[in-house]
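Examination of the molecular architecture
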There are 2 protein chains.
Amino acid sequence: MSTLKTEIRPGAYFDSIVLMQLQAALAGLEGIEDAGVVMATASNLAVLEANGLLPEEFSGEAEDLVVAVRGSTEAAAEAALGEVDHLLARRSGEEGDEDYRPRSLEQAARQLPEARWVVISIPGRYAARVSRKALESGRNVFLYSDNVSLEEELELKEAARRKGLLVLGPDCGTAHLGGAGFAFANRVQRGKIGLVAASGTGLQSIACRVHELGEGISQAIGTGGRDLSATVGGITAHQAIDLLGRDPQTQVIVLISKPPSPDVCSSLLAAARGTTKPVVVYFLGQTPPNRQLGDLVFATGLEEAAEIAVRRLAETLDPSTAELVVRSPQQDRRWLRALFSGGTLAQEAALGLRFFLAPLASNLGVEGTIPGSDPARSEGHTILDLGADEYTVGRLHPMIDPDLRLRRLRQEASDPEVAALLLDVVLGDGAHPDPAEHLAPVIAEICQQSEIEVLILVVGTDADPQGIGEQCSRFEEAGAQVFRRLSDAVSYAALRLGRQREASPGPPVALADLASPPTVINIGLESFHDSFQAQGATSLQMDWRPPAGGDDRLLGILDKLNRNGRQRD
Amino acid sequence: MSTLKTEIRPGAYFDSIVLMQLQAALAGLEGIEDAGVVMATASNLAVLEANGLLPEEFSGEAEDLVVAVRGSTEAAAEAALGEVDHLLARRSGEEGDEDYRPRSLEQAARQLPEARWVVISIPGRYAARVSRKALESGRNVFLYSDNVSLEEELELKEAARRKGLLVLGPDCGTAHLGGAGFAFANRVQRGKIGLVAASGTGLQSIACRVHELGEGISQAIGTGGRDLSATVGGITAHQAIDLLGRDPQTQVIVLISKPPSPDVCSSLLAAARGTTKPVVVYFLGQTPPNRQLGDLVFATGLEEAAEIAVRRLAETLDPSTAELVVRSPQQDRRWLRALFSGGTLAQEAALGLRFFLAPLASNLGVEGTIPGSDPARSEGHTILDLGADEYTVGRLHPMIDPDLRLRRLRQEASDPEVAALLLDVVLGDGAHPDPAEHLAPVIAEICQQSEIEVLILVVGTDADPQGIGEQCSRFEEAGAQVFRRLSDAVSYAALRLGRQREASPGPPVALADLASPPTVINIGLESFHDSFQAQGATSLQMDWRPPAGGDDRLLGILDKLNRNGRQRD
């Protein structure tokens, strides 16, 4: 009968490679059936339990190291646990054979002063500390470590931005900088396509596909998965887009992320348009129905994003959409108010406009839009479906009865912040026999008395009883712009009213930091150091040990002292 | 100074056209600035308020009619209110000029026994009652009315299905049946494209675009916007797809809806595939990254859906995806278990598979997937990102350390309900130097000892240090199927493990019910009756009045008596 023996080592720091090797060594000992060496987090304990490696009574904390062995006999299990210190020492002994390695960032920087990048892959709870030091030394940070808090991420990125430096990460798995792959990276040709990615294996998949298609990567900048959240505000993505916009090697930019928060999305797309380079956007799971907007094209999948990027290298901008940009709205007139009679039309408009207009309110429940605070009064950009159930109790649908929409139209037009009104007019049997009869006079009044643009989407066919040509003419004569396709109306509104590119609040990141090959100080996983060397990059491995021997209480005191010191500077 | 006068008429029924005309007539009286005639719902009261038509103290109920007039003098306002009964009577008098009209469905059915459709546009609270009677008389129902409860919708649709009849709606705004447009419908050519739409203006937009492209519509079946909800289960959409699958005129089917509930989605797509006709699917705001799956193509916008449908008329099925269907999994082996090291790869797989596999669990927070109840044990179809933060505390990423994934792989393989395992292997610098070393033996063991299929997605380039060709060969030798693109792996898994078409629980709807031109009994909006006649369809207008004079209490008693009567049958 097999026996389980476990040992808990509270709060001590161990390199995760050391733990992996210790587990393998224990499992390889005679009489040992299985072994587990993990930090005692809930997920890790669940894995131990599933593998029969968790004792019934267990009381470790998440910061504790658990060593568990299941032996064929009690003696074998006991003997294995007795080997732990010896096995750990053997690993340390091997390290002793290496060349002299700097023990601090200061030492490393003296040894390799030209290093522009510090690559950090130590455990999350120490990573922000070391990143802070790297930024203070004037270097960019590639932060592989995960389990770094959102607050620390924001603090680090704001500090970096003030200095014109980048923090890629935390939890940044990959990048191609100056021709070398950072952390997990495929070997790909260098070329003209630049990537900005809040998505590690997304970046890798696209880079592989670009390579397979015979093209190459100029730079690929990972931002960490939370960079485009409302809290972090896309600081790194903004810097990266600006950088690739200035990079002469980059001819097409690909931006990959989970759907960003709406505010970050609209400002980032404005920045992307501001580069005047073609930008392929892939927000996993969210594609606007109008897939091309000026120089932006939206992809629906990783492989498609790569394929579009390669195709775009050979294409020039579609002049038809470029011409759509007429003039900027007056600054105090900013908002779009869209009053739809068709629910699906309203929804599709919201699905497109949510990428460009923020804040965007609607009564549609569409992700990325907010419910308006007062259904009787609009704020910011607003899309309303006036045919929704709540408006049609005891009342004819707005496709037949124009009263509700005419009232709301006048109300919106009296708002001095409104820049444009968007209406749909659905023709055909069953609908109002002459929509222009009531709408055109009100539109004419609005266009004469204000700077408001009125956009009308007419849905119908040349066989519809209302006479589509005549209806369109009457709206145009009243001063409206008439569209026959929703995607055109949405693109127009997005280009007219979408955010403009804003100046960066920090100095630009130096293009020289992307020089080839990169020079790197590597702190943490030695396999990354080996990869840099194998790729011909210059890398210096630092022999990092946790401060205060990994003691959390002591570490807290040290941090406090350091911070106070900095504040006095 | 203007004066506001209001009158409340509790609980009485008025035709919404009568109310629209009353409001217009009141507003046209001398000395009247504005008038409002609405049911006192919250939305309507907000509109009255915004237009200065709501008194400060107002105590009406949602079922009450409010008549509000703002006169330039008190006398004018008083006089206008005094006209209300007279104006209402004038309207009734006009109706009196018409031919004799049946007052009950029984009378109407005797007058037009060949009618296969009853079109209902009376107020929502009476609509289910009349629909029930129409179904009992063996006729299909086009239910324009909104504000019908979800419970009533389900009850009606289940009753219809038992009889091989359709209920289109509630809140169904449009259809093209037998060459005629129902309710709101554009005049379009007849042709080979059939539509199924839980989306009114979506159906209209696509029909218009198809017409503009020179093609036409065979039949277009609206289902009502809630048909694809978990409660209703897509009853009408299933019947409609089956019907268009059998309709010889229909060569391509387009399915449009807001994103359906996951269970409805997978069963509906199975039914769509079962038609063996090309089906273009547009779920507003949700496009799977693998946009083509056998005969299914997913669109990203209304206009694109129409364009793809027209293109598909000329195309034949892509044989490469057809060949992917190898064999059906054994019935007791049903589930996919996907263990990813790449977070974005996991997410993109979930974004694709959620349409076909249900229930689908994941630790990704992707809409349409559910969180697993136990992170250490899988249930149903499951996609796990093993590189997520919770798994990497004090542990190397699974791209470097295979231990966690190997353990989970063995665990999943021991589940007798598992049909397939999907793994990603990401090559390149930084990753494990030889992933096949640990994975291939376990895969070989699984393939030898069970019927489980192992699918491996290899991400990498021909320049990666691991040697992509050799890695792939070793996985294939072990018995795995190797994919180089995520979309191929996802398509394969969807085709292999996706739901199969299920037999309908009711008799088929008769193709004869789509005969041209349609014959219709119209109950409610007279403009629909006029449209039918203008289009050459046969329509009989019923003179419907609310039962019990619109008295809710009395109506409840009548319903109860009726139900008891039916139960005795």
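Residues numbered from 1 in each chain as written. Chains lettered and ligands numbered in written order. Predicted model: local features only at pLDDT ≥ 70, side-chain atom pairs only at ≥ 80, totals over all residues. Heavy atoms only, no water.

Turning to the overall build of chain A, a few remarks are in order. The secondary structure content of chain A amounts to 18 helices and 22 strands. Taking the principal axes of its C-alpha atoms as reference, chain A extends roughly 95 × 55 × 55 Å. For chain A, buried positions account for 60% of its 569 residues. Restricting to contacts in chain A with at least 6 residues of sequence separation, those with at least 24 account for 71%. Surface exposure of chain A reaches about 21,500 Å², of which carbon and sulfur atoms provide 49%. Distance between charge centroids for chain A: 6 Å, based on 53 positive and 78 negative side chains. (Helix = DSSP H or I, 4+ residues; strand = E, 2+ residues; numbered from the N terminus. Buried < 20%, exposed > 50% of the residue type's maximum accessible area, 1.4 Å probe, protein only. Contact = heavy atoms within 4.5 Å. Areas by Shrake-Rupley, 256 points an atom, 1.4 Å probe, with all protein chains shown as cover. Lys, Arg positive; Asp, Glu negative; His and termini not counted. Charge placed at Lys NZ, Arg CZ, Asp CG, Glu CD.)

Let's shift gears to the sheet that holds strand 1 (residues 3-9) of chain A. All names here are of chain A. Reading across from one edge, 1-3-2 is the order of the three strands in this open sheet, with antiparallel pairing throughout. With one partner strand each, in any of the chains shown, strand 1 and strand 2 (32-39) form the two edges of the open sheet. Here the average twist between neighbouring strands, direction ignored, is 10 degrees. Strand direction decides the pairing type here: strand 2 and strand 3 (residues 65-71), joined by seven bridges, are antiparallel. Within strand 3, the residue paired with Ile-32 across the bridge is Gly-71. Contacts from helix 2 (residues 42-50) reach strand 2 and strand 3 within the one sheet, and its direction differs from that of strand 2 by about 170 degrees. (Pairing = 2+ DSSP bridges. Axes fitted to C-alpha atoms, helices over the stretch in contact; angles between N-to-C directions.)

Expressed as a screw transformation, the operator carrying chain A onto chain B has a rotation angle of 180 degrees and an axial translation of 0.0 Å, and the superposed copies differ by an RMSD of 0.1 Å. Such a combination of rotation and displacement between the chain copies is what one expects of a two-fold axis. In terms of C-alpha distance to the rotation axis, chain A has A:Gln286 as its closest residue, with the C-alpha 3.3 Å off the axis. Of all interface residues in chain A, 98% are interface residues in chain B too; the two copies therefore contact each other through one and the same surface. (Least-squares fit on C-alpha atoms with pLDDT ≥ 70 in both.)

Let's shift gears to the confidence of the model for chain A. A residue-level look at chain A finds 95% of positions with pLDDT of 70 or above and a mean pLDDT of 91. Listed scores for the predicted complex are pTM 0.92 and ipTM 0.91. (pLDDT = per-residue confidence, 0-100.)

This brings us to the pairing of strand 12 (residues 279-283) of chain A. Residue and element names in this part refer to chain A. Among the five residues in strand 12, five count as buried, and that is most of the element. Note that strand 11 (residues 252-257) and strand 12 share five bridges and pair parallel. Paired with Ile-253 across the strands is Val-279, a residue of strand 12. The β-α-β motif built from strand 11, the intervening helix 9 (residues 262-274) and the parallel element strand 12 has right-handed crossover chirality. Sheet analysis places strand 12 next to strand 14 (residues 296-298), joined by three bridges and oriented parallel. For Val-279, the partnering residue across the bridge sits in strand 14 and is Leu-296. (Right-handed = clockwise from strand over helix to strand, strands pointing away.)

Contacts between the two partners involve 97 residues from chain A, matched on the other side by 96 residues from chain B. For the pair chain A and chain B, the two sides together bury roughly 7,700 Å², of which 50% comes from carbon and sulfur. Taken together, the links from chain A to chain B amount to eight salt bridges. Taking the shortest distance from any N to any O, the salt bridge between B:Asp429 and A:Arg187 comes out at 2.5 Å. Seen at the junction of chain A and chain B, the total is 44 residue pairs in polar contact (both at pLDDT 80 or more). Counted by class, the side of chain A that touches chain B contains 39 nonpolar, 34 polar and 24 charged residues. (Buried area = accessible area lost by both parts, 1.4 Å probe. Salt bridge = Lys/Arg side-chain N within 4 Å of Asp/Glu carboxyl O. Polar contact = N/O pair within 3.5 Å; in protein donor to acceptor, adjacent residues only side chain to side chain. Nonpolar A, V, L, I, M, F, W, Y, C, P; charged D, E, K, R; others polar.)

Once that is clear, we can look at the sheet that holds strand 5 (residues 140-143) of chain A. Residue and element names in this part refer to chain A. Here five strands make up an open sheet; going across it, the order is 6-5-4-21-22 and the pairing parallel. Across the chains shown, the open sheet's two edge strands, defined by having one partner strand only, are strand 6 (167-168) and strand 22 (538-542). Sitting on the sheet, helix 17 (residues 526-534) is in contact with strand 4 (117-120), strand 21 (519-523) and strand 22, with an inclination near 160 degrees to strand 22.

All names here are of chain B. Extensive coverage of strand 19 (residues 453-459) is indicated by the burial of seven of its seven residues. Going residue by residue along strand 19, you find Glu-453, Leu-455, Leu-457 and Val-459 tucked away on one face and Val-454, Ile-456 and Val-458 tucked away on the opposite face as well. Pairing of strand 18 (residues 418-426) with strand 19, which is carried by seven bridges, proceeds in the parallel orientation. Across the sheet, the residue bridging to Val-425 is Val-458, located in strand 19.

To continue, consider the side chain of A:Asp34. On the secondary structure map, A:Asp34 appears in strand 2. Accessibility expressed as a relative area gives 14% for A:Asp34, which makes it buried. A polar contact of 2.6 Å, which involves the side chain of A:Asp34, links it to the side chain of B:Arg407. In this structure A:Asp34 touches A:Asn51, A:Leu53, A:Ala68, A:Val69, A:Arg70 and B:Arg407, once residues within four positions along its chain are discounted.

What follows deals with unusual backbone geometry. Residues and elements named next belong to chain A. At the junction of Gly-169 and Pro-170, the peptide bond is cis and its omega measures out at 5 degrees in the coordinates. Relative to the helices and strands, Pro-170 resides in the loop between strand 6 and strand 7 (174-177). Positive phi, close to 55 degrees, is recorded for Ala-183, a residue that is not glycine.

This brings us to the pattern of salt bridges. This structure, assessed with the given rule, holds 67 salt bridges over all chains. Put simply, A:Asp85 and A:Arg9 hold a salt bridge, and the shortest N to O gap is 2.9 Å. Of this pair, A:Asp85 sits in helix 3 (residues 74-96) while A:Arg9 sits in strand 1; the two residues are 76 residues apart in sequence, bridging distant segments of the chain. Overall, A:Arg9 belongs to the buried group, its relative accessible area being 16%. A salt bridge links B:Glu78 to B:Lys5; the nearest nitrogen and oxygen atoms lie 3.3 Å apart. One end of the pair, B:Glu78, is in helix 3 (residues 74-96); the other, B:Lys5, is in strand 1 (residues 3-9), and 73 residues separate them in sequence.

Here we come to the packing of helix 7 (residues 200-212) of chain A against helix 12 (residues 343-353) of chain B. Relative placement of two packed helices is described by the angle separating their axes and the distance separating the axes. Closest axis-to-axis distance for the helix 7 of chain A/helix 12 of chain B pair is 5 Å, and the angle between their directions is 85 degrees. Taken together, helix 7 of chain A and helix 12 of chain B sit at an angle that is classed as roughly perpendicular. For the pair helix 7 of chain A and helix 12 of chain B, the contacting residues are A:Gly200, A:Thr201, A:Gly202 and A:Ser205 in the first and B:Gly343, B:Thr344 and B:Leu345 in the second. A class-by-class count of the residues in the contact of helix 7 of chain A with helix 12 of chain B yields one nonpolar, six polar and no charged. (Parallel < 35°, antiparallel > 145°, perpendicular 65-115°, else oblique.)

The next thing to look at is helix 2 (residues 42-50) of chain B. Within the sequence span of helix 2 of chain B, burial applies to B:Ser43, B:Asn44, B:Leu45, B:Ala46, B:Val47 and B:Leu48. Taken together, the buried residues of helix 2 of chain B touch helix 13 (403-413) of chain A together with strand 2 (32-39) and strand 3 (65-71) of chain B. Just downstream of helix 2 of chain B lies B:Gly52, where phi reads positive at about 65 degrees.

Throughout the structure, instances matching the rule amount to 22 aromatic pairs over all chains. A centroid spacing of 5.5 Å and a plane angle of 50 degrees characterise the contact between A:Phe483 and A:Tyr492, whose relative ring orientation is tilted. The two residues A:Phe483 and A:Tyr492 agree in class, both being buried. Summarising the aromatic geometry, the rings of B:Phe142 and B:Phe182 are spaced 5.5 Å apart at their centres and angled 50 degrees between planes, so their arrangement reads as tilted. Separated by 40 residues along the polypeptide, B:Phe142 in strand 5 (residues 140-143) and B:Phe182 in strand 8 (residues 180-183) bring together distant segments of the chain. Within the aromatic cluster, the residues linked to one another by ring pairs are A:Trp117, A:Phe142, A:Phe182 and A:Phe532. (Phe/Tyr/Trp six-rings, centres within 6.5 Å; stacked < 30°, edge-to-face > 60°.)

In this section: the environment of B:Gln449. On the secondary structure map, B:Gln449 appears in helix 14 (residues 435-449). Taking the C-alpha atoms as reference points, B:Gln449 and B:Leu150, 299 residues apart in sequence, are found 49 Å from one another.

Take a nonpolar patch on the surface next. All names here are of chain A. On the surface, Leu-554, Ile-557, Leu-558 and Leu-561 cluster together to form a nonpolar patch covering roughly 350 Å² of accessible area. With respect to the helices and strands, the residue Leu-554 is situated in helix 18 (residues 552-568). We classify Leu-554 as partly exposed; its relative accessible area is 40%. (Patch = residues over 30% accessible without salt bridge, like charges linked within 9 Å, V, L, I, M, F, W, Y side chains within 5 Å.)

Residues and elements named next belong to chain B. Looking at where Ala-109 falls in the secondary structure, it is placed in helix 4 (residues 105-111). On a C-alpha basis, the gap between Ala-109 and Gln-541 in space is 11 Å, while along the polypeptide they are 432 residues apart. Look past the residues within four positions of Ala-109 in its chain and what remains in contact with it is Arg-139 and Ile-521.

The next subject is the side chain of A:Ser218. Residue and element names in this part refer to chain A. Relative to the assigned elements, Ser-218 resides in strand 10 (residues 217-222). Residue Ser-218 is classed as buried on the basis of its relative accessible area, which comes to 2%. There is a polar contact of 3.4 Å between the side chain of Ser-218 and the backbone nitrogen of Gly-194. At 2.7 Å, the side chain of Ser-218 forms a polar contact with the side chain of Thr-250. Look past the residues within four positions of Ser-218 in its chain and what remains in contact with it is Arg-190, Gly-191, Lys-192, Ile-193, Gly-194, Asp-247, Gln-249 and Thr-250.

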